[in-house]
Amino acid sequence: MNQVFRSYIGKLVVVYFNDILICSKSKEQHLDHVTQTIMVLEKEKLYGNLKKCTFFKTEVIFLGYIMTIHGIKVDESKVEAIQSSPMLKSIYDTWSSMDLPHSMGSS
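From a predicted model like this one, the values you see are computed outputs, not experimental measurements.

Rules of the game
All chains use their own residue numbering, which begins from 1 and follows the written sequence. Residue-level local features of this predicted model are given only where pLDDT is at least 70; pairs of side-chain atoms are given and counted only at 80 or more, and the full residue set underlies all totals for whole chains, interfaces and linings. The side-chain values count all of the structure's non-hydrogen atoms but skip hydrogen atoms and water molecules. Per the convention used, a helix needs a DSSP run of H or I reaching at least four residues, while a strand needs a run of E reaching at least two, with both numbered from the N terminus. Note on method: radius of gyration uses C-alpha positions; expected globular size equals 2.2 Å times residues raised to 0.38. A contact between two residues is defined here by any heavy atoms of the two lying within 4.5 Å. A 1.4 Å probe and the Shrake-Rupley method give the accessible areas. Residues count as covered only by the protein chains that appear here. In this tally, Asp and Glu contribute negative charge and Lys and Arg positive charge; neither His nor the terminal groups of the chain are included. In plain terms, the charge of a residue is placed at NZ if it is Lys, CZ if Arg, CG if Asp and CD if Glu. If DSSP finds at least two bridges between two strands, the strands pair. Fitted lines through C-alpha atoms give the axes, limited to the stretch in contact for helices. The angle between two N-to-C directions lies from 0 to 180 degrees. Only protein chains enter the area calculation, which uses a 1.4 Å probe; residues under 20% of their type maximum are buried, those over 50% are exposed, and those in between are partly exposed. Stacked, edge-to-face and tilted labels apply to pairs of Phe, Tyr and Trp rings (six-membered ring for Trp) whose centres lie within 6.5 Å, assigned for plane angles under 30 degrees, over 60, and everything in between, in that order. Two N or O atoms count as a polar contact when they lie within 3.5 Å, although within protein this holds only if one can serve as hydrogen donor and the other as acceptor, and sequence-adjacent residues are included solely when both atoms are side-chain atoms.

1. Some points on the overall build of the chain
The secondary structure content of the chain amounts to three helices and five strands. Secondary structure elements of the chain, listed N to C terminal, follow the sequence β-β-α-β-β-β-α-α. Its C-alpha atoms give the chain a radius of gyration of 20 Å, clearly above 13 Å, the size a compact globule of 107 residues would have. Principal-axis analysis of the C-alpha atoms gives the chain an extent of 55 × 35 × 25 Å. Put simply, of all contacts in the chain between residues at least 6 apart along the chain, 30% involve residues at least 24 apart. When the accessible surface of the chain is split by element, carbon and sulfur atoms take 58% of a total near 9,100 Å². Seen as two clouds, the 12 positive and the 11 negative side-chain charges of the chain have centres 7 Å apart.

Below, the structure written as structure tokens:
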């Protein structure tokens, strides 16, 4: 997807794997950016799932960040989840929290 939108990244879209975030300053500009994005997808014979699409939002959560017309901010629920997690005291605690085996030889 990065290759497909290479010339648009940082100008009107943010791409992460198969997620496309279209960034615009006005409704008119957004409509133009959506049109350009759809044209690129059609040219490359790629298709979006309209059930997963939202348009003309002033705020979206994308990759754990809240993207707004005023800029980017951290999703406070993510910060709270990290802060409320118990402090891990050893490598074994870390492994246990991630359900990893305690040695490289165990399965």
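2. Structural notes on the pairing of strand β4 (residues 65-68)
Judged from the four bridges that link them, strand β3 (residues 59-62) and β4 form a sheet pairing that is antiparallel. Within β4, the residue paired with glutamate 59 across the bridge is threonine 68. Note that β4 and strand β5 (residues 71-74) share four bridges and pair antiparallel. The partner of threonine 68 across the bridge, within β5, is glycine 71.

3. Focus: the sheet that holds β5
Judged by pairing direction, the sheet is antiparallel, and its three strands sit side by side in the order β3-β4-β5 without closing on themselves. Single-partner strands in this sheet number two, and they are β3 and β5. Averaged over all neighbouring strand pairs, the angle between strand axes comes to 25 degrees, with direction disregarded.

4. Section: unusual backbone geometry
Despite not being glycine, phenylalanine 17 shows a phi value in the positive range, around 50 degrees. Looking at the secondary structure, you find phenylalanine 17 in the loop between β1 (13-16) and β2 (19-22). Even without glycine at this site, lysine 45 takes up a positive phi of about 60 degrees. Looking at the element boundaries, lysine 45 is found in the loop between α1 (27-43) and β3. Residue classification places lysine 45 among the exposed residues on the basis of a relative accessible area of 62%.

5. Comments concerning the packing of aromatic side chains
What the rule picks out here adds up to two aromatic pairs. Centre to centre, the rings of phenylalanine 5 and tyrosine 8 are 6.4 Å apart; their planes meet at 65 degrees, and the pair counts as edge-to-face.

6. Things to note about the environment of phenylalanine 56
Assignment of secondary structure puts phenylalanine 56 in the loop between α1 and β3. On the basis of relative accessibility, which here comes to 45%, the residue phenylalanine 56 falls in the partly exposed class. In this structure, phenylalanine 56 is in contact with Lys27, His30 and Leu31, ignoring residues within four places of it in sequence.

7. A look at the side chain of threonine 37
Take threonine 37: it is sitting in helix α1. Judged by relative accessible area, threonine 37 falls into the buried class, the value being 4%. A distance of 2.8 Å separates a polar atom in the side chain of threonine 37 from the backbone oxygen of histidine 33.

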